[in-house]
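Take a look at the letters that make up each chain.
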Amino acid sequence: SLAWYLLPSGIPHDYQAIRDGILNILPSQSNVLSLDVTKNINLGGSHINDFSAAKELIISNSGANAVSISSVTSPQHFQLSDDGLNFVNTLPSFPLSSGEIKTIYVVFKPDSVTIYKGDVFINVQSESGEDAIPVEVSGFGVPLGATIINGGEVFGIWDQTNSPYY
């Protein structure tokens, strides 16, 4: 693409001087926030009052500078962990260096037979304030004694009276 620039008088019409002048007005890449995160997490079915298997939420910093994550919060019925063992509703602040990847584990614990959906928020402290990056999480509650079928093209809830296998 072509761009035309009108130069004020007194500036040399040297190509190098023009190129240097144009490059100096471009924003610095060091101020660009660049986080890549998992887009959505489906935890499938879990029996009422039982925790689902954990799934990973990946946060990676592909920017030039470190980023400060002020907190990561989960919606009701979902919990988070940074070690895969101790689950809470809110993870505290942590830094994320340039090129660093952080794994957060998400579990689901339904209290009724219904579909649950919400957002985990990754709260990022930046020069312009705080930004909240949403990651959609979902799961569904399964009655006790029902068979859970997750994944593939077949999924849902069967109980003993409706199952073709009993």
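Read on for an overview of the structure. (Residues numbered from 1 in each chain as written. Predicted model: local features only at pLDDT ≥ 70, side-chain atom pairs only at ≥ 80, totals over all residues. Heavy atoms only, no water.)

**Observations concerning the overall build of the protein chain**
Of the regular secondary structure elements, the protein chain holds one helix and twelve strands. Counting from the amino terminus, helix and strand elements in the protein chain follow one another as α-β-β-β-β-β-β-β-β-β-β-β-β. By sequence separation, contacts in the protein chain at least 24 residues apart represent 63% of the contacts at least 6 residues apart. Element-wise, carbon and sulfur atoms account for 53% of the exposed surface of the protein chain, whose accessible area totals about 10600 Å². (Helix = DSSP H or I, 4+ residues; strand = E, 2+ residues; numbered from the N terminus. Contact = heavy atoms within 4.5 Å. Areas by Shrake-Rupley, 256 points an atom, 1.4 Å probe, with all protein chains shown as cover.)

**Section: the pairing of strand β10 (residues 129-142)**
Relative to β10, strand β2 (residues 40-47) runs parallel, the two being bridged by six bridges. When the bridges of β10 are listed, asparagine 42 appears paired with serine 138. Alignment of strand β9 (residues 115-126) against β10, held across twelve bridges, turns out to be antiparallel. Bridging across to β10, lysine 117 finds its partner in serine 138. (Pairing = 2+ DSSP bridges.)

**Points about the packing of aromatic side chains**
Applying the stated criterion to the full structure yields two aromatic pairs. Each member of the aromatic cluster is reached from another via a ring pair, and the members are Phe78, Phe108 and Tyr116. (Phe/Tyr/Trp six-rings, centres within 6.5 Å; stacked < 30°, edge-to-face > 60°.)

**Details of the nonpolar core**
Membership of the largest hydrophobic core comes to 22 residues, with the highest contact counts inside it found for Leu57, Ile59, Val72, Ile104, Val106 and Ile122. Looking at this core, the elements that each hand over two or more residues are β2, β3 (55-61), β4 (67-73), β5 (78-81), β7 (94-96), β8 (101-108), β9 and β10. Looking at which element gives the most residues to this core, the answer is β9, with four residues. Contact partners of isoleucine 104, with chain neighbours within four places excluded, come to Lys55, Glu56, Leu57, Ile59, Val72, Leu80, Ser81, Leu91 and Phe94. (Core = buried A, V, L, I, M, F, W, Y, C linked by side-chain atoms within 4.5 Å. Buried < 20%, exposed > 50% of the residue type's maximum accessible area, 1.4 Å probe, protein only.)

**A word on unusual backbone geometry**
In the Ramachandran plot, asparagine 49 falls in the positive-phi region, its phi being about 65 degrees despite a non-glycine side chain. Its location among the elements puts asparagine 49 in the loop between β2 and β3. Look at histidine 77: it is not a glycine, yet its phi comes out positive at around 80 degrees. You can see histidine 77 is positioned in the loop between β4 and β5.

**Points about the side chain of serine 138**
Within the element layout of this structure, serine 138 appears in strand β10. Given a relative accessible area of 13%, serine 138 falls into the buried group.

**Points about the environment of serine 81**
With respect to the secondary-structure elements, serine 81 resides in strand β5. The sequence separation of serine 81 and valine 107 amounts to 26 residues, and the corresponding C-alpha distance is 8.6 Å. Discounting residues that sit within four places of it in the chain, serine 81 has contacts with Asn86, Phe87, Leu91, Thr103, Ile104 and Tyr105. For serine 81, the side chain forms a polar contact with the main-chain nitrogen of leucine 85, separated by 3.4 Å. (Polar contact = N/O pair within 3.5 Å; in protein donor to acceptor, adjacent residues only side chain to side chain.)

**Observations regarding the side chain of serine 46**
Along the chain, the position of serine 46 falls in strand β2. In terms of polar contacts, serine 46 uses its side chain to reach the backbone amide nitrogen of serine 52, at 3.5 Å. With residues up to four places along the chain from it excluded, the contact list for serine 46 reads Phe51, Ser52, Phe108, Pro110, Phe140, Gly141, Val142 and Ile148.

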